[in-house]
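Structure assessment
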Amino acid sequence: ADLLVLLDRPQAALAVLERALRLAQSEQGDFDEAENTTLNHIQGEIHDRFTRLMIHAGDLPAALHHAEKSLSCNLSHAALCYRAADLALALLQNDRAGRIIKSFQVGEDGALTALFRQGQSGSDLLALQVEMALAGESDIPPFDWVEAGLRETPSSARLMAAKARLLAREGSLAAAREQYI
C-alpha cells in the first residue's frame, strides 16, 4: 500500500488496505491469545495506514473513523491518541476529542510517565489535553504536569504557550508574559 501511495495510486492503495483488513478480521479468533493480540496489533497498523491515506485524500471523517479504530487496538499509544483527538478537533467534534483523550490508557506507571516514555508524541498529547482544558472542554491537568512536560521537552512551544496561558489564568500576568517571551 505504501508503494502505491508513492506511485500516486491512492485508490489501489485503499483496495490493498481493505483486503488486508478483511483478511486480518477473518483470521481473528482462530488463534491463541498471544496470536490474537498480534493480529489485533496488525489491524491497528492497517487502520493507521488508512488514517494517513484518508488525511492525504482530505477525507477527514473517514480518517477519524480509522484513527479511532487504530487507537482501539492500542489504547496506550500516545501518537494514535493524539492523531484521533486532533482529527476530532479539526472536525469541530470537541466532545469526541475529549472522549478520545480519556480513552488513553496510562498503564501502571501513571499518566505522566506513560506520556513521557513515548517522547514527542506524549508531549504533544499532553499539550493537546492542556489546550482543550484551557478552552473549557475537559478537566485541567495540574500545573505541575505542564512543568514536568517542559522538563522533558523544554523546547515544546505548545507546552510553553500552555504554561503562559495557565499563569495568565491564575492572574500571574508578569510571569505569563515572561514565559511567553
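Structure: above.
Summary of the structure given here. Keep in mind it's a predicted model, so treat the numbers as computed, not measured.

We now examine the overall build of the protein. When its secondary structure is counted, the protein shows eleven helices and zero strands. Relative to its 181 residues, the protein shows a buried fraction of 38%. Carbon and sulfur atoms make up 52% of the accessible area of the protein, which totals about 10100 Å².

At a closest axis distance of 9 Å, the pairing of helix H8 (residues 120–134) and helix H10 (residues 157–169) adopts a crossing angle of 30°. The orientation of H8 with respect to H10, classified from their angle, is roughly parallel. Of the two possible hands of crossing, H8 and H10 adopt the one that is left-handed. Within the contact between the two elements, H8 uses Ser123, Asp124, Leu126, Ala127, Leu128, Val130, Glu131, Ala133 and Leu134 and H10 uses Arg158, Leu159, Ala162, Arg165, Leu166 and Arg169. When grouped by side-chain class, the residues that make up the contact of H8 with H10 number nine nonpolar, one polar and five charged.

On to the side chain of Asp48. With respect to the element layout, Asp48 can be found in helix H3 (residues 33–57). Among all residues touching Asp48, those that are not within four sequence positions of it are Ser70, Leu80 and Arg83.

Before going further, it helps to spend a moment on the pattern of salt bridges. In the structure shown here, the tally under the stated rule is five salt bridges. Between Arg96 and Glu68 there is a salt bridge, with its nearest N and O atoms 2.4 Å apart. With Arg96 in helix H6 (residues 94–103) and Glu68 in helix H4 (residues 60–73), the pair connects residues that are 28 residues apart, well separated along the chain. Here Arg96 falls in the partly exposed class, since its relative accessible area comes to 25%. Across the salt bridge formed by Arg158 and Glu131, the nearest N and O atoms sit 2.7 Å from each other. You can see Arg158 sitting in helix H10 and its partner Glu131 sitting in helix H8, a full 27 residues away along the chain. A residue is classified by how much of its surface remains accessible, and Arg158, at 24% relative accessible area, is partly exposed. Taken together, the shared-partner salt bridges in this structure form one network comprising Asp48, Arg52 and Arg83.

What counts, and where the lines are drawn
- Residues numbered from 1 in each chain as written.
- Predicted model: local features only at pLDDT ≥ 70, side-chain atom pairs only at ≥ 80, totals over all residues.
- Heavy atoms only, no water.
- Helix = DSSP H or I, 4+ residues; strand = E, 2+ residues; numbered from the N terminus.
- Buried < 20%, exposed > 50% of the residue type's maximum accessible area, 1.4 Å probe, protein only.
- Areas by Shrake-Rupley, 256 points an atom, 1.4 Å probe, with all protein chains shown as cover.
- Axes fitted to C-alpha atoms, helices over the stretch in contact; angles between N-to-C directions.
- Parallel < 35°, antiparallel > 145°, perpendicular 65-115°, else oblique.
- Left-handed = near helix turned anticlockwise from the far one by under 90°.
- Contact = heavy atoms within 4.5 Å.
- Nonpolar A, V, L, I, M, F, W, Y, C, P; charged D, E, K, R; others polar.
- Salt bridge = Lys/Arg side-chain N within 4 Å of Asp/Glu carboxyl O.

So yeah, pure geometry; function would need other evidence.
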